[in-house]
Amino acid sequence: MSGFILPAVLRENVQDGGSTWSCGTAAEEGAEQAYATFSVTQDPAAIAGIRKSEGFTGQGFDSTHTVTKCSGKPTYFAMEPGPRYTESLDAGAPAPRGLFIAFTKAAEARFGCAKQ
């Protein structure tokens, strides 16, 4: 996604379906390894399922799984750090909340999000 850059990413797998975008990332192997998956969707069926899910609070599930409106469309943003991501924090990886904010900011232009 234009404007969203992760340091030291070795591999990424992007899936772009128009109303849904997802990217799985991996940094180097070993102690500095950092995996995270980023997703955003405006698909009405996906949003309806998310809103019916256990634990949904009306605005999301937690600080890295949120629903907001972009140009009047419900939009779900999600970031899922991999199991070894926290190990990479000591090696200089960004904190999960800061990484999520950078991701959603980059997605604003792509998905028609405006400051509301």
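As the structure is a computational prediction, the values presented were derived from the model and not from experiment.

S.K.: Honestly, the overall build of the protein in this entry has me stumped. Any pointers?
M.R.: Secondary structure summary: the protein contains three helices and six strands in total. Counting from the amino terminus, helix and strand elements in the protein follow one another as β-β-β-α-β-β-β-α-α. Within the span of the protein, comprising 116 residues, buried residues form 34% of the whole. Residue pairs in contact within the protein that sit at least 24 positions apart in sequence constitute 47% of those at least 6 positions apart. A total accessible area of about 6700 Å² is found for the protein, and carbon and sulfur atoms account for 53% of it.

S.K.: Help me understand the nonpolar core in this model?
M.R.: Grouped burial of nonpolar side chains is what soluble globular proteins tend to show. Phe4, Trp21, Phe38, Phe77, Leu99 and Phe103 are the most contacted members of the largest nonpolar core, which totals 18 residues. Where this core is concerned, the elements lending two or more residues are strand S2 (20-27), strand S3 (35-41), strand S6 (73-81) and helix H3 (96-111). It is H3 that provides the largest number of residues to this core, a total of six residues. Excluding residues that lie within four positions of it along the chain, Phe77 makes contacts with Ser39, Val40, Thr64, His65, Thr66, Thr68, Cys70, Phe100, Phe103, Thr104, Ala107 and Cys113. Core analysis: the second largest hydrophobic core is formed by six residues, Phe56, Val67, Tyr76 and Ala78 among them.

S.K.: Looking at this structure, how should I read unusual backbone geometry?
M.R.: With glycine set apart, most residues show a phi of negative sign, and most peptide bonds adopt trans. The phi dihedral of Ser71 falls on the positive side, at around 55 degrees, and the residue is not glycine. Structurally, the position occupied by Ser71 is in the loop between strand S5 (65-70) and S6.

S.K.: Got a minute to help me understand the packing of aromatic side chains in this structure?
M.R.: Aromatic ring pairs are defined here through the distance separating the ring centres and the angle between the ring planes. Following the criterion strictly, the structure yields six aromatic pairs and no others. Ring geometry for Phe56 against Phe61: centres 5.6 Å apart, planes inclined by 70 degrees, an arrangement best described as edge-to-face. In this structure Phe61 comes out as partly exposed when scored by relative accessible area, which is 30%. When the centroid spacing of 6.5 Å and the interplanar angle of 90 degrees are considered together, the rings of Phe61 and Tyr76 count as edge-to-face. Within this pair, whereas Phe61 is found in strand S4 (residues 60-62), its partner Tyr76 is found in strand S6, the two being separated by 15 residues in sequence. Members of the aromatic cluster, each reached through a chain of ring pairs, are Trp21, Phe38, Phe77, Phe100 and Phe103.

S.K.: Teacher, can you tell me more about the pattern of salt bridges here?
M.R.: When charged atoms on two side chains of opposite charge get close, those side chains can pair. Applying the stated rule across the entire model yields one salt bridge. Salt-bridge contacts for Asp16 lead to Arg110; the nearest nitrogen and oxygen are separated by 2.7 Å. Of this pair, Asp16 sits in strand S1 (residues 9-16) while Arg110 sits in helix H3, and the two are 94 residues apart along the sequence.

S.K.: Before we go on, may I ask you to explain the environment of Val67 in this structure?
M.R.: Its location among the elements puts Val67 in strand S5. Val67 sits 11 residues away from Phe56 along the chain, and the two C-alpha atoms are 9.6 Å apart.

S.K.: Can you help me understand the pairing of S6 in this one?
M.R.: Each regular strand shows side chains that alternate between the opposite faces of the sheet. With six bridges joining them, S3 and S6 adopt antiparallel strand pairing. Directly across from Ala36, in S6, lies its bridge partner Pro81. Here six bridges tie S5 to S6, and the two strands are oriented antiparallel to one another. Across the sheet, Cys70 pairs through a bridge with Lys73, a residue of S6. Hairpin remark: S5 followed by S6, antiparallel, with two residues in the connecting loop; positive phi at Ser71, about 55 degrees.

Rules used in this analysis
Residues numbered from 1 in each chain as written. Predicted model: local features only at pLDDT ≥ 70, side-chain atom pairs only at ≥ 80, totals over all residues. Heavy atoms only, no water. Helix = DSSP H or I, 4+ residues; strand = E, 2+ residues; numbered from the N terminus. Buried < 20%, exposed > 50% of the residue type's maximum accessible area, 1.4 Å probe, protein only. Contact = heavy atoms within 4.5 Å. Areas by Shrake-Rupley, 256 points an atom, 1.4 Å probe, with all protein chains shown as cover. Core = buried A, V, L, I, M, F, W, Y, C linked by side-chain atoms within 4.5 Å. Phe/Tyr/Trp six-rings, centres within 6.5 Å; stacked < 30°, edge-to-face > 60°. Salt bridge = Lys/Arg side-chain N within 4 Å of Asp/Glu carboxyl O. Pairing = 2+ DSSP bridges.

Honestly, that's just the spatial picture; any functional story needs more than this.
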